[in-house]
Amino acid sequence: MAIRGTEIKIQGLTHRYGSRSGVTFNRVDLVSPPGEALAIIGRSGCGKSTLLHILAGVLKPTEGKVLLNGTEITAPSPRWVMMFQAPHLFPWMTVTQNVGVGLSFGRWSKQEIAERVTEAIKLVELQEFATANVQDLSGGQQQRVALARSLVMEPELLLLDEPFSALDAFTRASLQKDVRSIAKRKGFNIVFVTHDIDEAVIMGDRAVIMAGSPGNIVHELDIDLPDPRDRHDDAVQALRTRLMATFQEAANYTKPQSATLAA
Amino acid sequence: MSVAVTTAQEGGICRLMKHPVVQNIGWAAGGIAILAILWSIAGYLLVNDPSTKNFAKFGLVPTLKAFPELWEMGKIQNALAASGYRLGMGLLIAIVIGVPIGILMGRVKWFRDYTNSPFQFVRMISPLSWMPIAVLVFATWNGSIIFLIAIAAVWPIMFATAAGLAKVDPNWFKVARNLGARPWHILTKVIMPAISFDVFSGMRLALGVAWIVIVPAEYLGVTSGLGYSIKDARETLSYDHLTAMVVTIGIVGYFLDSILVVIINRSSWHRG
Ligand SMILES: Nc1ncnc2c1ncn2[C@@H]1O[C@H](COP(=O)(O)OP(=O)(O)OP(=O)(O)O)[C@@H](O)[C@H]1O
Ligand SMILES: [Mg+2]
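Rules of the game
Residues numbered from 1 in each chain as written. Chains lettered and ligands numbered in written order. Predicted model: local features only at pLDDT ≥ 70, side-chain atom pairs only at ≥ 80, totals over all residues. Heavy atoms only, no water. Helix = DSSP H or I, 4+ residues; strand = E, 2+ residues; numbered from the N terminus. Rg over C-alpha atoms; globule rule 2.2 N^0.38 Å. Buried < 20%, exposed > 50% of the residue type's maximum accessible area, 1.4 Å probe, protein only. Patch = residues over 30% accessible without salt bridge, like charges linked within 9 Å, V, L, I, M, F, W, Y side chains within 5 Å. Areas by Shrake-Rupley, 256 points an atom, 1.4 Å probe, with all protein chains shown as cover. Salt bridge = Lys/Arg side-chain N within 4 Å of Asp/Glu carboxyl O. Near = heavy atom within 4 Å. Polar contact = N/O pair within 3.5 Å; in protein donor to acceptor, adjacent residues only side chain to side chain. Expected span 1.5 Å × (residues − 1). Bend = angle between axes of the 7 residues up to and from the residue. Pairing = 2+ DSSP bridges. Donors = N, O, S within 2.8 Å, 3.2 Å for Na, K, Ca; no water.

Caption draft 1: Layout of the overall build of chain A. Helix and strand counts for chain A come out as 8 helices and 10 strands. Whereas a compact globule of 263 residues would reach a radius of gyration of roughly 18 Å, chain A reaches 19 Å, a difference of no more than 12%. Expressed as lengths along the three principal axes of its C-alpha atoms, the size of chain A is roughly 65 × 45 × 40 Å. Looking at chain A as a whole, 52% of its 263 residues qualify as buried.

Structure below.
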């Protein structure tokens, strides 16, 4: 199996939305080895989506940089693809057209596009809606189209921003397993944001916890579990409990500046 | 077809009558019949009043009789060909200029800020008031008429395009760029399908204005087209020909507008 994955190096990453807004996060450092599935968890508003946008190249950092195998990310590319928190589908297109839209920007033959799109649609179990307009789909179905639209690109790095939050528990569980097994099979990296501790443990090789304002990575935990993972396994449950405890610890985290100010 | 047949066979004449298409045709036929009756009454009054007897040919029957005459002489065909060419060229120019400028207005804030006032100002000038200037600037009458149509039609297209673009969800651009779209793809795969409905709606308005402008524009100079035919009929006192041409303008305008309505409905992806 060829490793398509990439080493991600985040160096001194600082971001603020404008001169008048505060710093979103300050001097974040992180390394993720090729093929790793990395979970980012943290309270709402601590800058997880912003970090993912920078990794995707759609947002520029104020300071610092992100390197993929040593090359700096400065713009979007089909090699690092993000699935956003909302589906943002193109409402004038069918499911098939939406899933294939990224491939239609590249140099793929019609035949290749058709094959890959069919496979991706099958994966998210939307075959019977393939020719439906996406406006006729439920929120969860739309989210699955967005997932297929990202997966079909077969990127080196897949960024997922709370990908399954709109789905029912059954679909969520099966897609968590599917996405992880595809990533492992193809060897690409995943960085995913989640509010769901279970999701971090089922899908991740490692979890980092962001907290504080400005945010930063305050804890990390290796999720060293064999595949396939089942949420009822004792080992999974044990790690879940540990991650929960670490997360709660992080919730009590106070940023260094305010600590010094108080002293 | 088969649906209509089976319902009719089931004794469903009533149901067929309630079919929306049938109902629409019914309404249209009724409306036109009322119009024809009023027109006949007016024609009857004209004939019976000695002071207006000279204008009797304005009536419905003489007008209807004029159609085959005009058609055999090729006057209707020639007038439509000449006016159609000017209309088509004028609209084409309006589209080629209006759509890109509209996209710029919708996409580039400083451009919109700079151009809004001058455009709103020029837009309010009646297209026909450009006539003397157009005649000076363009060597041919055809050229000046096409210019008048273009300047009348460009504003609805431009502003509809800009308004359409203003409604475009910026997230679509983010998604497209994220999946590797180049500016060309953004234009052809995102902007154009997203705003086609608005652009075609603008074209419908533009067609309406252009269709109004073309007749008076052809009163001057040219010796072909719908406007010329009307002027010619009036000068030769062939009032039946005059009304027949007027009716032709109405019918063709209605037909062109209907085509655009169909295109607009097809290009719409909005729900509800
Ligand atoms: N476009 C923007 N302009 C200005 N500030 C923004 C913008 N987007 C987000 N922010 C601010 O930046 C901070 C981080 O936002 P971000 O969306 O990255 O949080 P998040 O961790 O993804 O939250 P959630 O879990 O709710 O999705 C928030 O305080 C938010 O108010
Ligand atoms: Mg977020």
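We are not done yet, so read on.
Caption draft 2: Spatial organisation of a nonpolar patch on the surface. Residue and element names in this part refer to chain B. A cluster of nonpolar side chains, contributed by Ile 34, Ile 37, Leu 38, Ile 41, Tyr 44 and Leu 45, occupies part of the molecular surface with about 660 Å² of accessible area. Its location among the elements puts Ile 34 in helix H3 (residues 20-48). With a relative accessible area of 53%, Ile 34 lands in the exposed category.

Caption draft 3: Broad picture of the environment of Phe 84 of chain A. All names here are of chain A. Note that Phe 84 resides in the loop between strand E6 (80-83) and helix H2 (95-104). On the basis of relative accessible area, Phe 84 is assigned to the buried category, the value being 3%. Considering only alpha carbons, one finds Phe 84 and Ser 174, 90 residues apart in sequence, at a separation of 20 Å.

Caption draft 4: Local environment of the site of ligand 1. Residue and element names in this part refer to chain A. In the region of ligand 1, the neighbouring residues are Tyr 17, Thr 24, Ser 44, Gly 45, Cys 46, Gly 47, Lys 48, Ser 49, Thr 50, Gln 85, Glu 162 and His 195. One of the backbone nitrogen or oxygen atoms of Cys 46 is found 3.3 Å away from an oxygen atom of ligand 1. Measuring from an oxygen atom of ligand 1, one finds a backbone N or O atom of Gly 47 at 3.0 Å. Contact with the protein chains removes 57% of the 630 Å² of surface that ligand 1 exposes when unbound.

Caption draft 5: Summary view of helix H10 (residues 183-217) of chain B. Taking 1.5 Å as the rise per residue, H10 of chain B with 35 residues should run 51 Å; its terminal C-alpha atoms sit only 41 Å apart, a clear shortfall. The sharpest bend along H10 of chain B comes to roughly 55°, located at Ser 196 of chain B.

Caption draft 6: Focus on the pairing of strand E7 (residues 157-161) of chain A. All names here are of chain A. Most of E7 is tucked away, with 5 of its 5 residues classed as buried. Side chains Leu 157, Leu 159 and Asp 161 of E7 all project onto a buried face; the interleaved residues Leu 158 and Leu 160 project onto the opposite face, where all are buried too. Where E6 meets E7, 4 bridges bridge the pair, whose relative direction is parallel. When the sheet's bridge partners are listed, Met 82 is paired in E7 with Leu 159.

Caption draft 7: Molecular detail of the coordination of the magnesium ion (ligand 2). Distances from the magnesium ion (ligand 2) to its protein donors, Ser 49 of chain A (OG) and Gln 85 of chain A (OE1), fall within 1.9 to 2.6 Å. Pair noted here: Ser 49 of chain A is in helix H1 (residues 48-56) and Gln 85 of chain A is in the loop between E6 and H2, with a separation of 36 residues, a long-range link.

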